[in-house]
Each structure stands twice: as C-alpha cells, then as structure tokens.
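Here is how the chains run, residue by residue.
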Amino acid sequence: MMLLEIKNISKSYGTIEALKDVNLNFSGNKIYGLFGRNGAGKTTLLNIISTRIFADSGNVKCKNIDITQQPKAIMENLCYMPEENYFPKDYKVKNILKLSQNSYPNYNKAMEEKLVKLFKINVNQKFSQLSRGYQSIMKIVIGMASYAPITIFDEPVLGLDAVARDQFYRILIEDFGMNPRIFIISTHFIEESADLFDEAIIIKEGQIIRQKSVESLLENNFYVSGKAEKVDEFSQNYKVLSTQNFHGMKTVVVEGDMSSIKQVPELTFSKLTIQKLFIHLVGEQNNEELL
Amino acid sequence: MKPELDGNKSIYLQIAESIEDDILQNIIAEESQVPSTNQLAVAYVINPATAAKGINILVDEGILYKKRGIGMFVSSGAVKKIQTKRKTAFYDKFIVPLVAEASTLDISKNELIDMIKKEEKK
C-alpha cells in the first residue's frame, strides 16, 4: 500500500498557476530530494501534502485515504518542518521541544537529546533570539526526533555553516539506515546533497519535469566538446539542451547515455555534475550564449 | 578506503572500485568481512541504496559473497578475479591515453619504451 500518492494536483493563486497537474508516487521508504527554482511550486506542493492549504483539483492519498476528506490520515503520519518559522516566538527552546514531544506519536527523546548536544543548543534561549542557522537546526532536531513515517524538511540547511550541514547529512544517513522512513527534503544545495537521495524530483514552473534516481538523471545527459563542425556533425542525431561557443571550440549538452556512444577522435565527452544538469533543465535555454 | 568520492564517476562504481583496491592491497583479506552497506553509506555520506548497488556489483562478479545474518565477505580467489578483470581494462584505461598523450608531445615509441624501462628499474 502506497503511503503517499499525489494525483493530478493543480493549484492557482489568482491568475498564477502554482501547480499544474502534478503526479508523484512515494513508493517506499526513500529519501526524496525536491529541487526547483524559487517560485517553482515546491512550498505550495509541501503545503498541500501537509493539508495547510488545499488543491483546486486532484487528490493526495495517504494509505489510500484522500487527505482532503480526512486530514487526520496524513497528520498522524507526518512531520512537516516548513521553511518559514511557525513556532511561537516568545517560547523557549525547551518549551518548543516539549510541545513537539507531545505532538508526534513516535517522538524519540533520546534522539532529541543527542542532537541538542551535537549542535550545542542552549535550550533556555527564546526561539526568537536564535540565529537563522539555529532556527534551522531546531527544525532538524524536531524532524529527526519525530520519527514520523513521512518527514518533510523544506530548506533544512538554510543559514547553516558547512560543518553543521555536514552534521545534518551524516545524522540523516545514519538514522535512515537503521530506521527507514519517507524523507522529502527540498534544498538549493543540490551538489553537496545529491548523493543522499534515492530519487530526485525536479519541479519547474509548477510541473514535475523529472522523478528518478540522481544516477539515472546523470546517465541521461553529457557534454560533447571539440571543433564546432565536428560537434555539429556528432550532435545532429541528439537532442541538444544547450550550446556554448568559445574560440572556435563548441560545447553542447546532449540527451543520451554517454556509455553507449562510440568514442570519436577529436571530440571530448564528459559527464555533467548534478548542479549543472539542474541549471540546464530548469534554467533559461542557451543562457550561456549571453555571457 | 578512499578518503573521499569524486564527481567524475558514478558513486556506486567508486564504492565497488574502492573495495577492490582494498582487496588488491590486502587491506581486506580474502575470507574476511567487508563494511556493511550502512557503514559505507555513513562513511561516505551517501544513500544506502547506492552503497548497496556498489556491493552488489561485486557479489554478481563473485568477488564478495553473503553470509546470511552476518554480512558480506571477500571470496577466496577474489584477488585473482580482480587482477584478471583489471588486466582486460588496462589497455583501454592506461595504454590508449598514454600513447595518445605521447603522440601529442611527439614522444617516439623508443623514448616511451625507455621511460618504462627506467621506471621498472626503480
């Protein structure tokens, strides 16, 4: 039975279509990465999953139950840590932790204590006095300790330094290995977090343009570079995603599996990084020509 | 074990190669246990499924085998197997780029052979 299933979701704000016919399957206990530019619809999607807002059409099912009809079906399985802060501002950290313990049925106090110690959190501070980074850390602590079957983080590493981001990634992997659950994590730090995910979901202008493993995404595109006429000759049989010219040398990004091509002398083939691929997929076409 | 993975090659292939390197260098001996999927995932901060994919390549090739309920072990004869496999790849991986670069630098065949002999004497 599918724990979470999204079918034909659309949502508009006035004339702006935030989501257009979105379909997603969360087929098992996996770590899902949600990638998209600002305004692509990530937060709208997460807000619909968590029943904070409702879609105009389509449905979200948790264990086959439509959550629009029965929000409880998802709420008892979910911990959603949104990007904006929703904790009462004048609460002390320890009170927010107490509140969280009472909110999530699988909450694990030992995990909370471990993370409070790891991140050196002062539990007597007021939430409003925490730095941006520590406000993110609070969400990481509660999300991890919730042990909710569906744990969602919207931009969990915002404002965190490189050390703290690495600590979060390590904790996530360590705990996921022992206690698998569905994690949905939206982030702009694609390159450094890419290896964490079972699947990458790429959203562009309200539409899901990819849902597959990072590995298979990367296997589906490659760079070809060399003398312009040689590159053109090669790439005429491929779909070209972008073109860059530099001193008579040409580099194109094409769609296809690099391992299946025959090497051609005078041409260089190489893999894209996930960040570059993302930019090619969701950015403006041929944006490098402008440089 | 490699201290860090790089972006030039699929992560699961790097996991498999890194274990092979350890076996070739006798860091992990035949018939001894290799790190678990979860241990590898934590060590490299990668998804456990990716680590498992790397391990499974080696299982399919008979380099590792599973002891039920205990974990993954290095097969006896694994060193020989890895050597045979890598010898096949040696030509494409080392000789082709070596000759290509030598040709770009106008290094003659004899010079190249002399260099190899010189390196062997060390």
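Conventions and cut-offs
- Residues numbered from 1 in each chain as written.
- Chains lettered and ligands numbered in written order.
- Predicted model: local features only at pLDDT ≥ 70, side-chain atom pairs only at ≥ 80, totals over all residues.
- Heavy atoms only, no water.
- Axes fitted to C-alpha atoms, helices over the stretch in contact; angles between N-to-C directions.
- Helix = DSSP H or I, 4+ residues; strand = E, 2+ residues; numbered from the N terminus.
- Parallel < 35°, antiparallel > 145°, perpendicular 65-115°, else oblique.
- Left-handed = near helix turned anticlockwise from the far one by under 90°.
- Contact = heavy atoms within 4.5 Å.
- Nonpolar A, V, L, I, M, F, W, Y, C, P; charged D, E, K, R; others polar.
- Buried < 20%, exposed > 50% of the residue type's maximum accessible area, 1.4 Å probe, protein only.
- Polar contact = N/O pair within 3.5 Å; in protein donor to acceptor, adjacent residues only side chain to side chain.
- Buried area = accessible area lost by both parts, 1.4 Å probe.
- Domains from an automatic or database assignment.

1. A few points about the packing of helix α4 (residues 109-118) of chain A against helix α5 (residues 132-146) of chain A
Residue and element names in this part refer to chain A.
Next up, step 1: Two numbers describe how α4 lies on α5: the axes approach to 8 Å, and their chain directions differ by 155 degrees. Relative to α5, α4 is oriented roughly antiparallel. Relative to α5, α4 is oriented so that their crossing is right-handed. For the pair α4 and α5, the contacting residues are Met111, Glu112, Leu115 and Val116 in the first and Ile140, Val141, Met144 and Ala145 in the second.

2. Some details on the packing of helix α1 (residues 11-24) of chain B against helix α4 (residues 78-104) of chain B
Residue and element names in this part refer to chain B.
Next up, step 1: As a packed pair, α1 and α4 sit with axes 9 Å apart at the nearest point and diverge in direction by 120 degrees. The orientation of α1 relative to α4 falls into the category oblique. Pair α1 / α4 crosses with left-handed handedness. Residue-level inspection shows Glu17, Glu20, Asp21, Ile23 and Leu24 of α1 in contact with α4, the latter providing Ala78, Val79, Ile82, Gln83, Lys85 and Arg86.
Next up, step 2: Class assignment of the residues belonging to the contact of α1 with α4 gives a composition of 5 nonpolar, 1 polar and 5 charged.

3. Re the side chain of Ser193(A)
Residue and element names in this part refer to chain A.
Next up, step 1: Relative to the assigned elements, Ser193 resides in helix α7 (residues 190-193).
Next up, step 2: Given a relative accessible area of 1%, Ser193 falls into the buried group.
Next up, step 3: Polar contacts involving the side chain of Ser193 include one to the main-chain carbonyl oxygen of Phe189, which spans 2.6 Å.

4. Looking at the interface of chain A and chain B
Next up, step 1: If you look at the interface, chain A gives 15 residues, while chain B gives 15 residues.
Next up, step 2: Of the roughly 1,200 Å² buried where chain A meets chain B, counting both sides, 52% is carbon and sulfur surface.
Next up, step 3: It is Ile173(A), Asp195(A) and Glu215(A) in chain A that bury the most area against chain B; as a group they hold 42% of the surface buried on that side.
Next up, step 4: Linking chain A with chain B are 5 residue pairs in polar contact (both at pLDDT 80 or more), by the criterion used here.
Next up, step 5: Looking at the side of chain A that touches chain B, the element that brings in the most residues is helix α6 (residues 162-178) of chain A, giving 7 residues.
Next up, step 6: The residue inventory of the side of chain A that touches chain B, partitioned by class, reads 7 nonpolar, 1 polar and 7 charged.

5. Some words on the domain arrangement of chain A
Residue and element names in this part refer to chain A.
Next up, step 1: In terms of domains, chain A is made up of domain 1 (4-216) and domain 2 (220-290).
Next up, step 2: Using only C-alpha atoms to locate each centre, domain 1 and domain 2 end up separated by 35 Å.
Next up, step 3: Of the residues lining the interface, 15 residues belong to domain 1; the matching set on domain 2 comes to 11 residues.
Next up, step 4: With both chains or domains summed, domain 1 and domain 2 bury close to 1,100 Å², and 61% of this area falls on carbon and sulfur atoms.
Next up, step 5: Together, Arg37, Ile190 and Glu191 form the three largest contributors to the area buried by domain 1 at its contact with domain 2, with a combined 41%.

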